[in-house]
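Structural features, examined
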Amino acid sequence: MATLQKAVVRSLPGEPNMIITLTVGGKQRNMDRPKDELLEKPLGRLQKSAAPQLDKKQQRLKGKPAAAATAANDGAAVPLFVGLHAGPSPAFPVLDAASVTNEEAWADGRLLRIGEQQYKVDLNPPLLDQVVLHGRPFVGIPLVPAVQLHFADESACQWQWQRQAPGGAWQPLPGATRRRYVPLPEDAGCLLRVQCTPGRHAWATEEAAAAAAAAAAAARGKQVQVVLGAAGWAQCGPVEVPPSPAAAAPRHELTQQATSPPLLRVVTYNILADQYAATETAKNVIFAHCPPQYLDPSYRRPLVLSELLGFNADVMCLQEVDEKMFSACLVPQLGEEGFQGVYTNKAGKAGLSVREGSATFFRTSRFTLAAQADLTLKRFFPAEPGDEAKYGSVFAAMLRSSPALQQALQRIATVAQLSLLAPVQAGDRPLCVLNTHLFYHYMAPHIRTMHVWVMLQEARQFIDQAMADSEVAAQLGGVCPSLLFCGDMNSDLNDGIPGAIELLAKGQLPADFWDWQYGAAFRWEKGEEAGGEDGEEQQAADAEPAAAAAVAAAAAAAAGIEQQQELVAGVELSSPFQLVAADGLRTPFTNHVKGYQGLLDYIWFDPAAMEVEREVPLQSLEQLGGYLPNQHFPSDHLPVVFDLRFRSADELDSAAQAAAAAAAAAAAAGNGNGHEAGPTPSTSGGGGSSSDGGVPGKGGDTTTRLLPAAMHHVGAAVEAAVRGEVLAVPTDTLYGLACCANSSPGVRHIYASKRRGDHKPLAIAVADVEDVQRYGEVQHLPDGLLEELLPGPVTLLLQRRPEAPLAAELNPGVSAIGIRIPAAPFIRAVCRQHRSALALTSANISGGTSSIEVAEFEDLWPACSIVFDGGQLDAGRSGSTIVDLSQPGSFCITRRGAGFARTMQLLQEKYQLRHVLVS
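Since the model is a prediction, treat every value here as computed from it, not as a measurement. (Residues numbered from 1 in each chain as written. Predicted model: local features only at pLDDT ≥ 70, side-chain atom pairs only at ≥ 80, totals over all residues. Heavy atoms only, no water.)

We now examine the packing of helix H12 (residues 403-411) against helix H13 (residues 445-468). Viewed as axis vectors pointing N to C, H12 and H13 meet at an angle of 60°, and their least axial separation amounts to 11 Å. By the angle between their axes, H12 is oblique relative to H13. For H12 against H13, the interelement crossing comes out right-handed. Here Leu405, Ala408 and Leu409 of H12 come into contact with H13, specifically with His446, Ile447, Met450 and His451. Considered class by class, the residues forming the contact of H12 with H13 number 5 nonpolar, 2 polar and no charged. (Axes fitted to C-alpha atoms, helices over the stretch in contact; angles between N-to-C directions. Helix = DSSP H or I, 4+ residues; strand = E, 2+ residues; numbered from the N terminus. Parallel < 35°, antiparallel > 145°, perpendicular 65-115°, else oblique. Left-handed = near helix turned anticlockwise from the far one by under 90°. Contact = heavy atoms within 4.5 Å. Nonpolar A, V, L, I, M, F, W, Y, C, P; charged D, E, K, R; others polar.)

This is the structure in structure tokens:
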């Protein structure tokens, strides 16, 4: 009796064909047959394959006349029997091959007979399609192979790791029989390989599948039968020693222990998509500082994983995640550590290679996924004029006045994820996690604002719908989820508080907010199809905010169309959530590349439900060791990590009562503007820093706030300027007193505080070169001169424009106006967000010594609503160079100041202006 062999049949659900593999006549046969084909077809092929070969005489007679052919056939063997029985033995009837299809016939366990040879049909045994190790192996960084299985259970697969030393043989690693292996120091320099044998629990097959859960429970503590398939291998190496010191080592020292309720550790991290790091633009321009081997995905991926694992987070929001990175690396690696993840690819145009997006991972010992939704932002806006869209009416006026905006909104690939997490442990609360990566174009802050507003609206509806669903609400324990909003928002504070951040921090945004106007000039230029977030090669070049000059160009264009009466640059918006930034907007930067540094990555949360327990501080510039990415840091961003704490039920009740009392007080006050609500900086998000506070004024009840001159306090400065109050601010030369240049009370207050004669003019400060022409005559100046001199330690005397929006008390009877653009980001951001000039003079009593630190003018603090401390200034005490450019073709230096030498050289040598001495 011949040995029983196997006929392996692979029939994938949804596929039209099946593959039948068996050995016939000493050769392996792989037949790819349609499932709906009659059985007689493959059986006929098998019969032909198994038939004895004709000898030479029979071959010569084949094709001869009938008599000869009959003679040949007389010597030929009787045709082999080929049949498929309805059961596991010949006792079962043979199927009618002419009436049954392949899909019906090839059932598991049936007997196939080809002559004397018998085969057991093995339908869909555990199959390993692929096992792959992604990334280079490093000592101390876990390796978890990605597998592609069919008809197998990952938990039933068997693993064995082996090591091969240089020149040696492969040796099994003792005890290394799990999918996860962490290379040891003694593995350095060796090759590693892993064998995977696919397996399937016997109780998870055929009719038992319906009762798998019950069978699994019954099998606890008992031996469960496992069906195994053919093994496969993956190899990597040699094992390397990771760069030392590890990039995140100081931060990992603070996160060695995972949190437990009510604490929650949150990470948001733009990990830099492989497809952007590998472009020629990235290698030769943006990341030219980084040797190419450190941009290679096989090098970067393990370092990203090491960073993430070391934080022991509970929720991780990742951006710029390649689709392959998610499925082949993060899912298996983080899955072994107890995480579950969801992925949303960007919504690029069909045919474009946008294969990256956002991923949210959560620890399954803390949360389960109750619901999930993806937001494709372009779908919420009308594609063409007159089209219906969910939020088309909100922005109708903007879209009508700017067809370019309507077109751009349909070309942007921005998406967002909403993940509703139900708590598993006591002390946790349900969360709605919103994860996104906002579009970037230096002229399009308005699009980021619109997108953020839509995301907030959709998050509110998502939560409301969940609570209205009895099944989902039961999973949440009847507790309404609080919002956790994380991501790369591509909105830095370098030029002031942008609209998207203002909306999140304050919950509302006026229609005349300063950066609505920047977007008014936005046009998607020819050749920019690849730019922004549409996923082409140029995306890497445009991924981060441009330098101030580029922003200024946008402002100039905006100013040019501001006069058009039909233009609607912005609309008033409000948020359905009250959120705060975990860092209070105090983080100096999360992105650091050549030519740019800024805060782009944020964690926002509901302060009524949570509070900050601890920040895991970012590295300093010195610790980075240069621009990002580099040998130690795998991304151009830094991960933002915070420990939050869920408030207790008693705290929630107290917070609700306090909020109600505050609302009642505001309603009773009746002013609704919040200006009397206290000294908390308006855009601080999470409250002031440790150095923020009030300083009692001398000789009265006034309290002066002393705040750092940090970008998160720009909003506080702007609000004070709007109220006509006086500020003390650092410039690029001296400390100055400033107020709104169009505020009569403010200007009068400056003169009185300094005891300055009203015959002595005040200068004004503006944000950008394009603002100069709003206040002074510039038509006679050579092209490029203003851009060469400003910003910098120079005050330009120009003829004052009659219609300039300046207070009558500012230099009455004086035809000239002194205009400054200090090379100091804080005061420029205040001017920009204020959308008006600031009157500016040195912070000292008239005739006294100029100040280079705040302590030197402490006697003037009571005159200021806020004193902004920028530390000790290092430009000396000479102040700015004052140059009179009011006359065509000539200039006159009326004060030498800090910029004298360069100003003289530019005006005389480059622009050939005649130097007129002071008479």
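On we go from here.
According to the stated counting rule, one finds 35 salt bridges in the structure shown. When the shortest N-O distance is used, the salt bridge between lysine 346 and glutamate 356 registers 2.8 Å. Placement of lysine 346 in the loop between strand E17 (339-345) and strand E18 (356-363) and of glutamate 356 in strand E18 is noted, with a sequence separation of 10 residues between them. For the pair lysine 346 and glutamate 356, one class covers both residues: buried. A salt bridge links glutamate 809 to arginine 748, with the nearest nitrogen and oxygen atoms 3.1 Å apart. A residue pair is termed long-range when its members are at least 10 positions apart, and glutamate 809 in the loop between strand E36 (794-799) and strand E37 (816-820) and arginine 748 in helix H22 (residues 744-754) qualify at 61 residues. Accessibility expressed as a relative area gives 26% for glutamate 809, which makes it partly exposed. Given the relative accessible area of 44%, arginine 748 is considered partly exposed. Members of the salt-bridge network, linked through shared partners, are Glu502, Lys506, Glu719, Arg723 and Glu725. (Salt bridge = Lys/Arg side-chain N within 4 Å of Asp/Glu carboxyl O. Buried < 20%, exposed > 50% of the residue type's maximum accessible area, 1.4 Å probe, protein only.)

The biggest cluster of nonpolar side chains holds 89 residues, and the ones touching the most others in it are Phe395, Ile447, Leu456, Phe485, Trp516 and Trp604. Residue contributions to this core peak at 11 residues, all from H13. Residues contacting phenylalanine 485, with those up to four places away along its chain left out, are Leu434, Thr436, Val452, Met455, Leu456, Leu504, Tyr602, Ile603 and Trp604. Among the nonpolar cores identified, the runner-up in size contains 54 residues, and Val766, Leu781, Leu789 and Ile845 belong to it. (Core = buried A, V, L, I, M, F, W, Y, C linked by side-chain atoms within 4.5 Å.)

As a further point, take the environment of leucine 228. Topologically, leucine 228 is positioned in strand E13 (residues 226-228). On the basis of relative accessible area, leucine 228 is assigned to the partly exposed category, the value being 39%. Discounting residues that sit within four places of it in the chain, leucine 228 has contacts with Pro126, Ala156, Gln158, Thr197, Pro198 and Gly199.

Another aspect to go through is the confidence of the model for the chain. Mean pLDDT for the chain: 87, with 84% of residues reaching 70 or above. Across residues 204-221, where pLDDT falls below 50, the model places 11 contacts with residues more than four positions away in sequence or in other chains. Here residues 695-701 is a poorly scored stretch, pLDDT under 50, and it has 11 contacts once near neighbours within four places are set aside; other chains count. (pLDDT = per-residue confidence, 0-100.)

Let's shift gears to the sheet that holds strand E29 (residues 610-615). Read from one edge of the open sheet, 6 strands run E17-E18-E16-E15-E30-E29, paired in mixed fashion. This sheet does not close on itself; its edge strands, each paired only once, are E17 and E29. The sheet shows a mean angle of 25° between the axes of neighbouring strands, direction not considered. Both E17 and E18 contribute to a ladder of 7 bridges, which runs antiparallel. (Pairing = 2+ DSSP bridges.)

On to the state of the cysteines. Scanning all chains against the criterion turns up 0 disulfides. Here cysteine 486 stays free of any disulfide, with the sulfur of cysteine 317 as its closest cysteine sulfur at 4.0 Å. The closest cysteine sulfur to the non-disulfide-bonded cysteine 739 is located on cysteine 740, 6.8 Å from its own sulfur. (Disulfide = S-S within 2.5 Å.)

Our next topic: the side chain of arginine 265. By the element assignment, arginine 265 lies in strand E15 (residues 263-270). Of the polar contacts made by the side chain of arginine 265, one reaches the backbone oxygen of glutamine 257; its length is 3.0 Å. A distance of 3.5 Å separates a polar side-chain atom of arginine 265 from the backbone oxygen of asparagine 312. (Polar contact = N/O pair within 3.5 Å; in protein donor to acceptor, adjacent residues only side chain to side chain.)

Right, let's talk about the packing of aromatic side chains for a bit. Summed over the entire model, instances satisfying the criterion amount to 13 aromatic pairs. Arranged with centres 5.8 Å apart and planes meeting at 80°, the rings of phenylalanine 138 and tyrosine 299 form a pair that is edge-to-face. Separated by 161 residues along the polypeptide, phenylalanine 138 in the loop between strand E7 (127-132) and strand E8 (146-150) and tyrosine 299 in helix H9 (residues 297-311) bring together distant segments of the chain. Each member of the pair phenylalanine 138 and tyrosine 299 is classed as buried. Relative to tyrosine 299, the ring of tyrosine 294 lies with its centre 5.0 Å away and its plane at 50°, an arrangement referred to as tilted. (Phe/Tyr/Trp six-rings, centres within 6.5 Å; stacked < 30°, edge-to-face > 60°.)

Using the criterion set out here, one finds 5 cavities of 30 Å³ or more in the structure. A volume near 100 Å³ is recorded for the largest cavity. Those elements that place two or more of their residues in the lining of the largest cavity are H9 and helix H10 (323-336). Here the lining of the largest cavity takes 4 residues from H10, the largest share from any one element. A class-by-class count of the residues in the lining of the largest cavity yields 9 nonpolar, 3 polar and 2 charged. (1 Å grid on protein atoms, 1.4 Å probe; cavity = no way out; pocket = protein on both sides within 12 Å on 5 of 7 lines; lining within 4 Å. Points joined across faces, edges and corners; volume = space filled by probe spheres on them.)

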